[in-house]
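Observations on the model geometry
Each chain is listed here by its residues.
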Amino acid sequence: MDHTSDAPHATRLATLPAAGTQNSCKIDVNGFQVDAVDGEYLIEAINRSGIQVPQVCYHTRLGPIQTCDTCMVDVGGKLVRACATKVTGGMTVVTETVAATAAQREAYDRILANHVLYCTVCDNNNGNCTVHNTAAMLRVDHQTYPYRPKPYEKDMSNPFYRYDPDQCILCGRCVEACQNVQVNETLSIRWEDEHPRVLWDGGETIGGSSCVSCGHCITVCPCNALMEKSMLGHAGFFTKLPNDTLWGMIDIVKAVEPEIGYGPILQLSETEAAMRLARVKKTKTVCTYCGVGCSFDIWTKDRHILKVEPGEGAANNISTCVKGKFGWDYINAEDRLTKPLIREGESFREASWDEALELVGRRLNEIKAQDGPDAIGYISSSKCTNEESYLMQKLARAVGGTNNIDNCSRYCQSPATQGLFRTVGYGGDSGSISDIAQAKLVMIVGSNTAEAHPVLATRVKRAQKLHGQKLIVADLRQHEMARRADIFFRPNPGTDMVWLSALSRYMFDNGLAKAEFLSQWVNDVDKYRESLAPFTMEFASRVCGVPMETLTRVAKEFAAAESACILWAMGVTQHCGGSDTSTAISNLLLVTGNYMRPGTGAYPLRGHNNVQGASDFGSMPAYFPGYEKIADEEAFARYEQGWGVKLPKNKGLDNHEMVEAVHAGKLKAMYLIGEDMYSADSNANYVGDAFSKLDFFVVEDCFFTLSCRYADVVLPASPSLEKDGTFTNTERRIQRLYQALEPLGESRPDWQIIQDVANRMGAKWAYSHPADIMHESASLAPMFAGVTYDRLAGYETLQWPIAVDGTDQPLLYTERFNFPDGKAKLYPLEWIEPCEKVDDEFNVHLNNGRLLEHFHEGNMTYRVPGIHAETPHGFVEVSPALASDLQLVTGQWVDVTSRNGELRTQVVVTDRVHDKQAYMPLNRPMDPVNLLTGNKTDRATHTPAYKETTVKMKTLPWKGPDPLPPLNFRHGHPTPQRGVEVERKWQRADYRVPGSDNGLVQIQTGQRKG
Ligand code: SF4
Ligand code: SF4
Ligand code: SF4
Ligand code: FES
C-alpha cells in the first residue's frame, strides 16, 4: 500500500469534468467497463457506476482524507484506497477480492471500536447516517473489536451543537471542513495523543474556542458525534427518554447482539427511521440573511426547527454560516406580530384584518385624492421575495399612480450599481462565486467579507490557502480578511477612489494596460486617460496616507495577475463619493482587461438576502423591473398595456428624498414593508421626526420594530419560512424558497397583504400564488423572459438575464457589454474630498458595519437565544492608542456624540481598529448607530454617507465586564494546519494499513465512563 498515492490535503470543491470529455476513458471494475475520467479519483468512477464500495471518510465536497481505510479495493493486484487513487485509462479494479473485502471489514471493525450502534434511539437515525448505512452495506453481523469509549466528557459548551467523543470515529471530515472549506482553522486531531479526539483550538472547550458556529463540521460528520442541539431528543421517537432508560435499552440490545447479530437490530432501527419520515418535514429554502444566497433543506417537526441541512445549493453546497445554520429561532419568538394593530392615541389595539385593511385602503385613497398620488411613498423590502417587490412597485405605479417607490438598496448598493451602469451597463456582479474562487488574485475594498458574506469569504480563504490565490485588502479595519491578506493597507477614510485611479494611471504609464482589450471592447479610453492626469502615485500616497511602495506593489501584483476580481461593499458605497469609487473599481478592471473571462470581474457584494432582487424587480423610482427606464417609451407602453392602466411618467422619490419630502410637508403618507427604516436609514432622529409628521403611516413587519412606534397601522407579515417565492443573490442567481411552516397566528405573507391593500384601493388583483406573479413579471420584463417556477424547481437556479428559452448567464459579459454598441466605457472622474472629516471637536472617525453573528438592525438575530448568548451587547471598538488617550479599558462605558445625536455604549479595545478610528456594529436594536450618522449622501444616488461620521467620546466612570462574553469566538486562538494530516495517524506505532498485516493493532481508546 502506497501512502502517497495522493496528497491527503489536495482536496477540491469543484466538480470534475464529466465523462465524455476529451479526458474520458474506460476502466474495468469487477469485469464491467466503466466510464471514467483520466485523473479523477477512482471512488468517483465507482460511485457513478452503481457498484457499492464502503467509504466512510470520503465526502464529495471534501475529497480524499484517507482516515478510515474502508474503501480498500484491488487495483492490479495491489490494495489501494479508492478515494485517493487516480484513474488511469484501462486500469483493472476489483472491489470484492477476499483481501479487499477483508480490509474493508477490518477498517469498519475499527470504526465500531469507537462508536456504539444504538441507532433506534439515536437522533441521527434518519436514513442518511453514513456509519449506519455502511454497517448495513457490509452486512456486519458481529463486532470484532469491543467498543472502547474515550476518556473525555461530552462537550455541550456551544449554544448550538455538541461533540460526543464516545461516538467519534476519528474520520476527520469535520477537521477537513473546518480547516479547508470554512477555513476557520479551529479543529484538529492530535494523532500523537494516546486517545485522539477532535480538538477545538488544540484543546479548548467549544464555547471557549475560535469556533464561529458555521456548522460545516456537523454537516459533514458521518454519524452522531457532532449534532445540532435542536435535534437532540426531538428527531427520534425514543430519543427523548431519560439517559438511564436510554442506556438501559442500549445495554439490552448489546446483550442480545452476540446471539442475534446486528441484522435484525439494524432492521428495527430502519423501521423507526422510516416512521420519522411521517413527522419530519424537509423543505428547501434560501437563507433569509445575507446576499450570498445559501440554500438548504430545513428540517421541521411541527414548528420546531430540527436542523438546517445544506448540500446542494448552487452558491454554497455544504457551506453555511451561523445565521443560516442556526439563526432561525426568531420565527417562534413570543413577540412575533400575529394580529394587525391600529393606533389609538399613544397606544395600539389589536384589530381584525378586515378593519385594518379597510382603514389602510380608505386612508391611502383619501390622501391620494386630496394631496395627489405623489403625496404617498411606498418602500419595499430587501428581505421580501422578488414577487413581493414586483407587487409593491406595481401597487405604487398602477394603483397608487406614483413612482415614489424604493427599497433599501438605496442604503448600500445603489452606488455600486451606478458605477457599473456607467462603465459596463448592468448593475450586477459580473460573474459567480465560483469565478471569485478561481481568480488568481482577489482584491477586497471596504468589505468585511468574512463577517458580512461569510460563505463567500470561505471560497477566497480556501483559494488562498490551498491554491495560491493572491489576496489584497484595503480597509480601515484589520478584520479577518485583512489579517489573511498578502497585502493589507489602510487608506484614509473616503479616499479609495484616489488610489484606485492612481493604479489605473500606473497601468497606462507603465505599459501594463491591456491595449488589445481596450481597443476591442472599451470606448472613451483617451478621454479617460486624460482625466487620470492628477492621479499620480505621489498624489495617491499623500491623499490616502498609504506608502508609495505599497501602492506600487499593489499595482504590480494586480497587473501581473492572470485573472483578477474586485469585491467591494459598504466601506466603498456609503460615502459621498460612493458611486465614483465604484466607478473607479470598474475602470481599473477594464484597464487591466479583467472582464469577459472566468475568474475576473466586478463583485459588489449585496448585503441582504434579496437586495439584488428588490431592485431587479422594479422597486426603484426610475426603473421598471429589469432596469428598464420609466423614461423608455417602449417599456412604458408595454407596462401600461400589460397592467391595463395609465401609469405616472413623472420622476419618483427615492427613500432619502421621501424623508426630505415629509419634512417639507409634501409627502403625507407612507407604506413601509419589511424594513426598520428608523434604524436602517441614517440620522435616525431625523427619520423619526419625519415619521411623526406623516398623516398616515403603515408598517408591515414580523416584529414591532422601532419604526412601528410611529405607525398608524401595523400589519403582521410572515417571514421567509412561512411563504413561497424567489430570492436573487449577489450572483444574480434566482432561487426558489418553499413554504416550510404555516404563517404564525394571523400573520400573512407580504404578497397577500400587498394584494389586499391594492384591492382595497380599488384594484382587482387575483394572484393565487407567487408563481402567478413571476409569470406576469417574466412576460413583461425581457431580463426575466425565461424565468418559470418549473425551471427553478428544487435546487435549480437561473442567473439573469434569462432568455425566453431559459438560457441564463453565469458570466455576465461574454460577447458584449450592455451598451448599444456592445462596448464598455471608461468613465472619467474627478476627486472630491469626503464630506465629513475629523476636526478639533469631533476628533474620532466612526466607522460602522456588520458582525458575523448578528444581522442588520438585529431584529431577527437578537431573538435567537444562542446568538444572543454569544453577543448580547452593542459596543464600540477603539484602538489601543485612542484607549490610552482617553484612559479607556475594555468594558468602560462611554458617551459617543456626533453632530446628529448621541448614545452610550461600552468599549472594546482592539487593534482591529487603529489610531483615531472607532468602529461600531450596526446591529443594535435599541440604540442604533444611526442615531449618530448624518444626512450627507452619495452625490449620484443619495445613498447615505454612513461611513463619513465623526464623533467625540466622553469616558464615563463606570466599567463593566467585556461586552463580548467568553463564549464569543473572537477570544479564541485558531490552530491552522493543512487539513486532517492523516500522515501523522499513519506514523503511529499502533497503526497498520488494513490488509497489510494480520497482527494489526487498533488505536487504543479509554475505558467506558459510568
Ligand atoms: S468553525 Fe466551528 S462550527 Fe465551523 S467547522 Fe469549525 S468547529 Fe465547526
Ligand atoms: S466528530 Fe469529526 S472526526 Fe468525529 S466522527 Fe464526526 S466528523 Fe468524524
Ligand atoms: S447569512 Fe449569508 S453566508 Fe450565512 S448562511 Fe445565510 S446566505 Fe449564507
Ligand atoms: S473513504 Fe477512503 S480512506 Fe476513508
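Residues numbered from 1 in each chain as written. Chains lettered and ligands numbered in written order. Predicted model: local features only at pLDDT ≥ 70, side-chain atom pairs only at ≥ 80, totals over all residues. Heavy atoms only, no water.

The number of helices and strands found in the protein is 32 helices and 37 strands. What you see for the protein is a C-alpha radius of gyration of 29 Å, in line with the 30 Å of a compact globule of 1010 residues. Each principal axis of the C-alpha distribution contributes one length, and for the protein these read about 90 × 70 × 65 Å. Taking all 1010 residues of the protein together, the buried fraction comes to 65%. The long-range fraction of contacts in the protein, counting pairs at least 24 apart against all pairs at least 6 apart in sequence, stands at 74%. Per element, the accessible surface of the protein, about 34,500 Å² overall, is 51% carbon and sulfur. (Helix = DSSP H or I, 4+ residues; strand = E, 2+ residues; numbered from the N terminus. Rg over C-alpha atoms; globule rule 2.2 N^0.38 Å. Buried < 20%, exposed > 50% of the residue type's maximum accessible area, 1.4 Å probe, protein only. Contact = heavy atoms within 4.5 Å. Areas by Shrake-Rupley, 256 points an atom, 1.4 Å probe, with all protein chains shown as cover.)

Moving on to the site of ligand 1. Around ligand 1, the neighbouring residues are Tyr-161, Cys-178, Asn-184, Leu-187, Trp-200, Cys-211, Val-212, Ser-213, Cys-214, Gly-215, His-216 and Cys-217. A breakdown of the residues in the shell around ligand 1 according to their chemical character gives 8 nonpolar, 4 polar and no charged. (Near = heavy atom within 4 Å. Nonpolar A, V, L, I, M, F, W, Y, C, P; charged D, E, K, R; others polar.)

Where helix α27 (residues 684-693) is concerned, the buried positions are Ala-684, Val-687, Gly-688, Ala-690 and Phe-691. Within α27, the buried residues cover an arc of 160° as seen down the axis, which keeps them to one side. (Arc of directions from axis to C-beta.)

Most of strand β21 (residues 564-568) is tucked away: 5 of the 5 residues are buried. Residues Ala-564, Ile-566 and Trp-568 point to one face of β21 and Cys-565 and Leu-567 to the other, with burial holding for every one of them. Of the strand pairs in this sheet, strand β17 (residues 441-445) and β21 are connected by 5 bridges, and their pairing is parallel. Residue pairing in the sheet places Val-442 in a bridge with Cys-565 of β21. Note: β21 against strand β22 (residues 601-604), 4 bridges, orientation parallel. Paired with Ile-566 across the strands is Ala-602, a residue of β22. (Pairing = 2+ DSSP bridges.)

Along the chain, Asn-729 falls in the loop between β28 (725-728) and β29 (733-737). Sequence spacing of Asn-729 and Cys-294 is 435 residues, and the spatial spacing of their C-alpha atoms is 8.6 Å. The contact partners of Asn-729, leaving out residues within four places of it in the chain, are Gly-291, Val-292, Gly-293, Ala-315, Asn-609, Gln-612 and Gln-735.

Our focus in this paragraph is the site of ligand 2. Among the 14 residues in the neighbourhood of ligand 2, the closest are listed as Cys-168, Cys-171, Gly-172, Cys-174 and Cys-221. Tallied by class, the residues present in the shell around ligand 2 amount to 12 nonpolar, 1 polar and 1 charged.

Quick look at the sheet that holds β21 now. The strand order across the open sheet formed by 5 strands is β19-β18-β17-β21-β22, and the pairing between neighbours is parallel. Every interior strand has two partners, whereas the edge strands, β19 (487-489) and β22, have only one. On average, each strand axis in the sheet is inclined to that of its neighbour by 15°, with strand direction left out of account. Summarising the sheet, β17 and strand β18 (residues 470-474) pair through 5 bridges and their orientation is parallel. Bridge pairing in β18 links Leu-441 to Lys-470. Here helix α20 (residues 548-560) sits on the sheet in contact with β17, β18, β19 and β21, set at roughly 140° to β19. (Axes fitted to C-alpha atoms, helices over the stretch in contact; angles between N-to-C directions.)

It is the contact of helix α25 (residues 655-663) with α27, at a shortest axis distance of 9 Å, that shows an interaxial angle of 55°. Considering the angle they form, α25 stands oblique to α27. α25 and α27 meet at a crossing whose hand is left-handed. Where α25 abuts α27, its residues Val-659, Glu-660, Val-662 and His-663 lie against Tyr-686, Val-687, Asp-689, Ala-690 and Lys-693. Looking at the contact of α25 with α27, its residues break down into 5 nonpolar, 1 polar and 3 charged. (Parallel < 35°, antiparallel > 145°, perpendicular 65-115°, else oblique. Left-handed = near helix turned anticlockwise from the far one by under 90°.)

Counted according to the given criterion, the structure contains 36 aromatic pairs. Through a chain of ring-to-ring contacts, the aromatic side chains of Phe-421, Tyr-426, Trp-521, Tyr-595, Tyr-623, Tyr-627, Trp-800, Tyr-813 and Phe-817 assemble into a single cluster. Across from the ring centre of Trp-299, 4.1 Å away, lies the NZ or CZ of Lys-282, which sits over that ring. The residue whose ring lies beneath Lys-307 is Trp-299, and the NZ or CZ to ring-centre distance is 4.4 Å. (Phe/Tyr/Trp six-rings, centres within 6.5 Å; stacked < 30°, edge-to-face > 60°. Lys NZ or Arg CZ within 6 Å of the ring centre and 35° of its normal.)

Tallying each qualifying case throughout the model produces 1 disulfide. In this model Cys-576 forms its disulfide with Cys-835; the gap between the sulfur atoms is 1.6 Å. Classification of the bridge connecting Cys-576 and Cys-835 rests on its S-S torsion, roughly 50°, and on that basis the disulfide is right-handed. One end of the pair, Cys-576, is in the loop between α21 (570-573) and α22 (578-591); the other, Cys-835, is in the loop between β31 (824-825) and β32 (844-849), and 259 residues separate them in sequence. By relative accessible area, Cys-576 is classed as buried at 4%. Owing to a relative accessible area of 30%, Cys-835 belongs among the partly exposed residues under this scheme. (Disulfide = S-S within 2.5 Å.)

This part covers the pattern of salt bridges. The tally for this structure, following the rule as stated, stands at 52 salt bridges. When the shortest N-O distance is used, the salt bridge between Asp-69 and Arg-81 registers 2.7 Å. Pair noted here: Asp-69 is in the loop between α1 (42-49) and β3 (72-75) and Arg-81 is in strand β4 (residues 78-81), with a separation of 12 residues, a long-range link. As far as burial versus exposure is concerned, Asp-69 and Arg-81 are alike and both buried. We note a salt bridge from Arg-505 to Asp-509, for which the minimum N-O separation is 2.7 Å. With Arg-505 and Asp-509 both in helix α16 (residues 496-509), this residue pair falls 4 residues apart, about one helical turn. Arg-505 gets classed as partly exposed once you look at its relative accessible area, which sits at 22%. Residue Asp-509 is classed as partly exposed on the basis of its relative accessible area of 44%. Residues participating in the shared-partner salt-bridge network are Glu-185, Lys-461, Lys-465, Glu-480 and Arg-484. (Salt bridge = Lys/Arg side-chain N within 4 Å of Asp/Glu carboxyl O.)

A few words on the nonpolar core. Core analysis: the largest hydrophobic core is formed by 125 residues, its most contacted members being Leu-395, Met-443, Trp-499, Tyr-595, Tyr-671 and Phe-817. Considering each element in turn, this core owes the most residues, 9 residues, to α16. Every residue in contact with Leu-395, bar those within four places of it in the chain, is listed here: Tyr-378, Gly-400, Tyr-671, Ile-754, Val-757, Ala-758, Met-761 and Trp-765. Cys-171, Val-198, Val-292 and Ala-450 belong to the second largest nonpolar core, which has 98 residues in total. (Core = buried A, V, L, I, M, F, W, Y, C linked by side-chain atoms within 4.5 Å.)

So, to be careful, I would describe these as geometric facts and stop short of saying anything about function.
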